[in-house]
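Below are the chains, spelled out letter by letter.
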Amino acid sequence: MIFFTADLHFYHDKVIQFASRSFCDADTMNKALIENWNKKVSARDEVYILGDVTMKGPEYATEVFVSLSD
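It should be emphasised that the depicted structure is a prediction, and the values quoted were computed from it without experimental measurement.

Draft legend 1. Molecular detail of helix α2 (residues 26-40). Compared with an ideal rise of 1.5 Å per residue, which puts 15 residues at 21 Å, α2 spans 21 Å between its outermost C-alpha atoms and is within 8% of the ideal. If you check which residues of α2 are buried, you get Ala26, Met29, Asn30, Ile34 and Trp37. Taken around the axis of α2, the buried residues stretch over an arc of 125°, which confines them to a single face. Facing away from the buried side of α2, by more than 90 degrees, are the exposed residues Lys31 and Lys39. Its buried side turned inward, α2 meets β1 (2-5), α1 (13-18), β2 (46-49) and α3 (58-67). At the N-terminal boundary of α2, the capping side chain belongs to Asp25, with an oxygen 3.2 Å from the backbone nitrogen of Asp27.

Draft legend 2. Just the environment of Phe23, in detail. Within the secondary structure, Phe23 is located in the loop between α1 and α2. A sequence separation of 14 residues divides Phe23 from Trp37, and the C-alpha atoms of the two residues are 16 Å apart. Residues in contact with Phe23, not counting those within four places in the same chain, are Ile16, Thr28, Met29 and Ala32.

Draft legend 3. Spotlight on the pattern of salt bridges. Evaluated as defined, the whole model comprises 2 salt bridges. The shortest N-O distance in the salt bridge between Asp27 and Lys31 comes to 3.3 Å. Pair noted here: Asp27 and Lys31 are both in helix α2, with a separation of 4 residues, about one helical turn. Close ionic contact of Lys39 with Glu35 constitutes a salt bridge, the shortest N to O distance being 3.2 Å.

Draft legend 4. Looking closely at the layout of surface pockets. Of the volumes computed, that of the largest pocket is approximately 160 Å³. In terms of lining residues, the largest pocket is bounded by Phe3, Phe4, Thr5, Leu8, Leu33, Asn36, Trp37, Val41 and Val47. Taken together, the elements giving at least two residues each to the lining of the largest pocket come down to β1 and α2. Residue classes in the lining of the largest pocket are distributed as 7 nonpolar, 2 polar and no charged.

Parameters at a glance
- Residues numbered from 1 in each chain as written.
- Predicted model: local features only at pLDDT ≥ 70, side-chain atom pairs only at ≥ 80, totals over all residues.
- Heavy atoms only, no water.
- Helix = DSSP H or I, 4+ residues; strand = E, 2+ residues; numbered from the N terminus.
- Expected span 1.5 Å × (residues − 1).
- Buried < 20%, exposed > 50% of the residue type's maximum accessible area, 1.4 Å probe, protein only.
- Arc of directions from axis to C-beta.
- Contact = heavy atoms within 4.5 Å.
- Polar contact = N/O pair within 3.5 Å; in protein donor to acceptor, adjacent residues only side chain to side chain.
- Salt bridge = Lys/Arg side-chain N within 4 Å of Asp/Glu carboxyl O.
- 1 Å grid on protein atoms, 1.4 Å probe; cavity = no way out; pocket = protein on both sides within 12 Å on 5 of 7 lines; lining within 4 Å.
- Points joined across faces, edges and corners; volume = space filled by probe spheres on them.
- Nonpolar A, V, L, I, M, F, W, Y, C, P; charged D, E, K, R; others polar.

This is the structure:
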């Protein structure tokens, strides 16, 4: 399967309000996004991320990528 996604905005509290996401805070959002990704994406899949992974910098992006399914 090939997936395309954009603007995940891990660790971004303000995106919850801007995008009307139904989370109480960024930590809860991060956990839900990672859990949903890992349920759907397998090691055989290709994922293209076309927008912001996080607004916090490469260290945080690396932390997220390590948590996602291989």
